[in-house]
Amino acid sequence: MLPPLVHAIVVVETEVDGTGNVQDVHVVRSPSHAPEVTKAVIAMIQRASPFPAPGQPGAMKFTEVWLVDHSGRFQLHTLTEGQP
């Protein structure tokens with residue numbers, strides 16, 4: 001769990017093909033005060049490729065909110081239970 005203070009929030013839309021390979025990462029929201037965080041998030045997504053195959057032919061897109069603290073630790077919004 002992240003500490004109560006979030007340093008930056010990045011929202012990205014990731015497109016993967018039918019085999020799970022990342023085809024594109026589109027930044028929907030980027031923190032102007034911390035552009036290095038956005039670059040780090042994109043790099044992590046690309047290094048994680050390939051993702052599990054989505055189980056459907058063709059490309060699939062999903063959107064995720066990344067909550068990042070000052071140390072660079074992150075939590076995906078869909079996996080968080082909230083902050084204390």
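Residues numbered from 1 in each chain as written. Predicted model: local features only at pLDDT ≥ 70, side-chain atom pairs only at ≥ 80, totals over all residues. Heavy atoms only, no water.

Let's talk about the packing of aromatic side chains
The geometry of an aromatic ring pair is captured by two quantities: the separation of the ring centres and the angle between the planes. Formally: Note on aromatic pairs: the rings of Phe, Tyr and Trp (six-membered ring only in Trp) are paired at centre separations within 6.5 Å, and the planes decide the class, stacked below 30 degrees, edge-to-face beyond 60, tilted for the rest. Helix numbers and strand numbers start at the N terminus; a helix is a DSSP run of H or I with at least 4 residues, a strand a run of E with at least 2. Using a 1.4 Å probe on the protein chains alone, a residue whose accessible area is under 20% of its type maximum counts as buried, one over 50% counts as exposed, and one in between counts as partly exposed.
Going through the model one piece at a time under the given rule, you end up with two aromatic pairs. Ring centres of F51 and F62 lie 6.1 Å apart, and the angle between their planes is 85°; this geometry places the pair in the edge-to-face category. Residue F51 is found in the loop between α1 (35–48) and β3 (60–68), and its partner F62 is found in strand β3; the two are separated by 11 residues along the sequence. Since its relative accessible area comes to 25%, F51 is described here as partly exposed. Summarising the aromatic geometry, the rings of W66 and F74 are spaced 4.8 Å apart at their centres and angled 45° between planes, so their arrangement reads as tilted.

Re the environment of G20
Note the threshold: Any pair of residues with heavy atoms lying within 4.5 Å of one another is described as a contacting pair.
Assignment of secondary structure puts G20 in the loop between β1 (8–16) and β2 (22–29). Relative accessible area serves as the criterion here: at 0%, G20 is assigned to the buried category. Note: C-alpha distance between G20 and G55 (35 residues apart in sequence) is 9.0 Å. Residues in contact with G20, not counting those within four places in the same chain, are S49, P50, F51, P52, A53 and P54.

Examining the sheet that holds strand β4 (residues 74–76)
Formally: Strand pairing follows a simple DSSP-based rule, namely that at least 2 bridges must link the two strands. Each axis is a line fitted through C-alpha atoms, taken for helices only over the stretch in contact, and angles between the N-to-C directions span 0 to 180 degrees.
Within the open sheet, the four strands sit side by side as β2-β1-β3-β4. Their pairing is antiparallel. What marks the edges here is a single partner per strand, and that holds for β2 and β4. Looking at each pair of strands side by side, their axes are set apart by 30° on average, direction ignored. Bridge count for β1 against β3 is nine bridges, and the pairing is antiparallel. Along β3, the bridge assignment pairs V16 with M60. Of the strands in this sheet, β1, β2, β3 and β4 are in contact with α1, which crosses β1 at around 30°.

Quick word on the nonpolar core
The test is simple: We call a set of buried residues a nonpolar core when its members are Ala, Val, Leu, Ile, Met, Phe, Trp, Tyr or Cys and they connect through side-chain atoms within 4.5 Å of each other.
With 11 residues, the main nonpolar core is built from A8, V10, V12, V25, A34, V37, V41, I45, W66, V68 and L76. Elements with a contribution of two residues or more to this core: β1, α1 and β3. Beyond its immediate chain neighbours, meaning those up to four positions away, L76 contacts E64, V65 and W66.

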